[in-house]
Amino acid sequence: MTTRREFLRALGIMGALAATGAGTISLSACNNGKSQDQRPVEGPEPEPRDDPWTDGNTQIMMSTFLGNEFRRYYGKGDVSKLRVKSKFRLGCSESVVGKKRKSFCGAGWTGQPSVYLEGGKVMLVLGGYDQYLRKFEAAGLKEVWKYKNDDIMKGAGSVYIDKTAPEQDRIVLLQGSRLGNGNTVSGSKIIPSFRAISYRTGKELWRFNVPKSVCYSRDNDSSPLYLGNGMLFNAVESGYGFFLSSKISDAALLDGIKQPKVLGKVKLYEDSDAAKHGNNIVVEASPARIGDRVFIASGAGHIYGIDINKMEIDFDYFTGSDIDGSTVVTKENMILATIEKQYVPGRGGVVKLDPSKPGPDSVVWYFPTKNASVAEWDGGVIGTVAINDEYNPDKQYPDIWITLAIDGNLYVGSQHELSGETTLDMLNKKKYPVPKLLAKMNVGPSIATPIITSGNKIVAPTYNGLHLIQIEFVKGKKGDGETAKNAAGEEYGVRLKKLDTFTAGSFEATPIVWDDTVYCSSRDGYLYALG
């Protein structure tokens, strides 16, 4: 039926990337994927590598939710204020929530644009609550084309290049949506909530029928990953992860619609989870990748690791809670995940996992947030953690994580250093170390994901507006909390200074920063360019 818990009850990198072995895609957000000149002194110049993220005059800069397969790239550039440079009216449309039709405006959770350089121009693609997927010229937010879906689009889209396809269809957009007005979860045979659209033409290439399960949803919020070697991975809300062929030519007529070829499927819940969660085994999170494994959080209460080659689960950390935020992979190949307080006796928060260990033994630390009743939530974190791995290239500053919580706080913590305290986990069963809290600021409740700019600023979307906050690293001194070391062993404290707040409706969507502009959608019906 629906997710985002009945939509708040209707409340108001990357640069170029180079393919490197075994189908993995190597990403570098800060140096455009290119190292310094390493040609040998003698001998022939090496053959240039085929760039999987460039086709003709178009280069994909941010290919999926949170920029890359690690979910840790938010764009490049910086802003000093949040003033309207331009705006575009996305508008509103109706979607069925339960048995009622309700109006939704703008774009919401997760609602982050993908980014392109086309003929020297920055371009954006965004799906909205008005049921249209749009391509924009970023300067002035000029619409290039729009594609009409059957329902509102919540999740951020993804994109890849199919080198085997005709030129006009080579750059392929992937976009999920709700189930479609007029459809019912149990009564409709075909619910094509996941679609492929041509970036160049805005025309549909195929649509995927999300299968029925014991779950109450057949939506698609997750942002899929292009895995290379002709393969995609996409998770659907009915509790399955699908390995799909990325070749447009493999799509064929099935059940009366042109669908992609299915290469494999994994079940992202246990049968017993459905009873415990009242059939809420919804998978809304987006997968992240470490080598030949993908990791994804499930609303059934699991964080799963999946072997890409075997197409089967090889890691399972059980939380018991609903999980909506996506897994984030650090440069040390650790996983940060957010935990909601639902179905669990303990508190929600942020957990760090070591995926080289078995799931039950993988917890490195746990940071609980405060319980707080906001709308239908009781606490924890709904969005995804942000980290500074791509914005701290010389390791001058400590490695940090940032999250927005239901309790109204923005938290900044150390990725590595522990406070010396312990806490019970979300199930109130095991005690784990607590990481150092470097700073916090009350910004108001949020279900959204913050981002980091190239100038060590945080852009934080909340129900109280969009906040611009400076991270001040104070060498050798405590800031607003404890201190943490950089790679050279130098101590730094963190101070948070609010620079600006933009108020225009509520912000559930995730922003991006590109050059001197922040782009973010509001529930007031507009996509904004701010700077």
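Refer to the preceding data block for the structure.
Residues numbered from 1 in each chain as written. Predicted model: local features only at pLDDT ≥ 70, side-chain atom pairs only at ≥ 80, totals over all residues. Heavy atoms only, no water.

### Considering the packing of aromatic side chains
The tally for this structure, following the rule as stated, stands at 22 aromatic pairs. By way of ring pairs, the aromatic residues Phe208, Tyr240, Phe242 and Tyr269 are connected into one cluster. The ring of Tyr526 carries the charged tip of Lys87 above its face, separated from the ring centre by 4.5 Å. Over the ring of Tyr132 we find Lys146; its NZ or CZ atom is 4.5 Å from the centre of that ring. (Phe/Tyr/Trp six-rings, centres within 6.5 Å; stacked < 30°, edge-to-face > 60°. Lys NZ or Arg CZ within 6 Å of the ring centre and 35° of its normal.)

### Remarks on the sheet that holds strand S15 (residues 194-198)
Read from one edge of the open sheet, four strands run S13-S14-S15-S16, paired in antiparallel fashion. In this open sheet, the two edge strands, each paired with only one partner strand, are strand S13 (158-161) and strand S16 (204-208). Across this sheet, the average inter-strand angle for adjacent strands is 20°, counted without regard to direction. Relative to S16, S15 runs antiparallel, the two being bridged by four bridges. Bridge pairing in S16 links Ala196 to Trp206. (Pairing = 2+ DSSP bridges. Helix = DSSP H or I, 4+ residues; strand = E, 2+ residues; numbered from the N terminus. Axes fitted to C-alpha atoms, helices over the stretch in contact; angles between N-to-C directions.)

### Some details on the pairing of strand S7 (residues 92-97)
Because side chains alternate across S7, one face comprises the buried residues Ser93, Ser95 and Val97, and the other comprises Cys92, Glu94 and Val96, none of which is buried. Between S7 and strand S8 (residues 100-105), which follow one another and run antiparallel, lie two residues, and Gly98 among them has a positive phi close to 65°. (Buried < 20%, exposed > 50% of the residue type's maximum accessible area, 1.4 Å probe, protein only.)

### As for the sheet that holds strand S24 (residues 293-298)
Strands sit in the order S23-S24-S25-S26 across an open sheet of four strands; the sheet is antiparallel. Looking at which strands have only one partner, the edges of the open sheet turn out to be strand S23 (288-290) and strand S26 (312-318). Averaged over all adjacent pairs, the angle separating strand axes in this sheet is 25°, with direction ignored. The pairing of S24 with strand S25 (residues 302-307) spans six bridges and is antiparallel. In the sheet register, Ser298 faces S25, and the bridge partner there is His302.

### Comments concerning the state of the cysteines
With the rule as written, the count across this model stands at one disulfide. Across a sulfur-sulfur distance of 2.0 Å, Cys92 and Cys105 are joined as a disulfide pair. Its torsion about the S-S bond being 105°, the disulfide of Cys92 and Cys105 is classed as right-handed. Taken together, the residues Cys92 in strand S7 and Cys105 in strand S8 connect sequence positions 13 residues apart. Taking relative accessible area as the criterion, Cys105 reaches 18% and is therefore assigned buried. Considering cysteine sulfurs only, Cys105 is the nearest to Cys520, which forms no disulfide, with 16 Å between them. Overall, the relative accessible area of 1% leaves Cys520 in the buried class. (Disulfide = S-S within 2.5 Å.)

### Digging into the nonpolar core
Trp401, Ile402, Val412, Ile458, Leu466 and Leu496 are the most contacted members of the largest nonpolar core, which totals 69 residues. Broken down by element, this core gets its largest block of residues, five residues, from strand S39 (residues 465-475). Counting residues in each nonpolar core, the second largest holds 39 residues, with Trp53, Leu133, Ala165 and Val210 among its members. (Core = buried A, V, L, I, M, F, W, Y, C linked by side-chain atoms within 4.5 Å.)

### Digging into the pairing of strand S44 (residues 526-530)
Of all five residues making up S44, four are buried, and the element is well covered by its neighbours. As judged from the five bridges shared by strand S6 (residues 84-89) and S44, these two strands associate in the antiparallel manner. Across the sheet, residue Ser86 finds its bridge partner in S44, namely Ala529. Relative to S44, strand S43 (residues 517-521) runs antiparallel, the two being bridged by four bridges. Considered in S44, the bridge of Tyr519 is made with Ala529. Hairpin connection from S43 to S44: four residues lie between these consecutive antiparallel strands, with Gly525 at a positive phi of about 110°.

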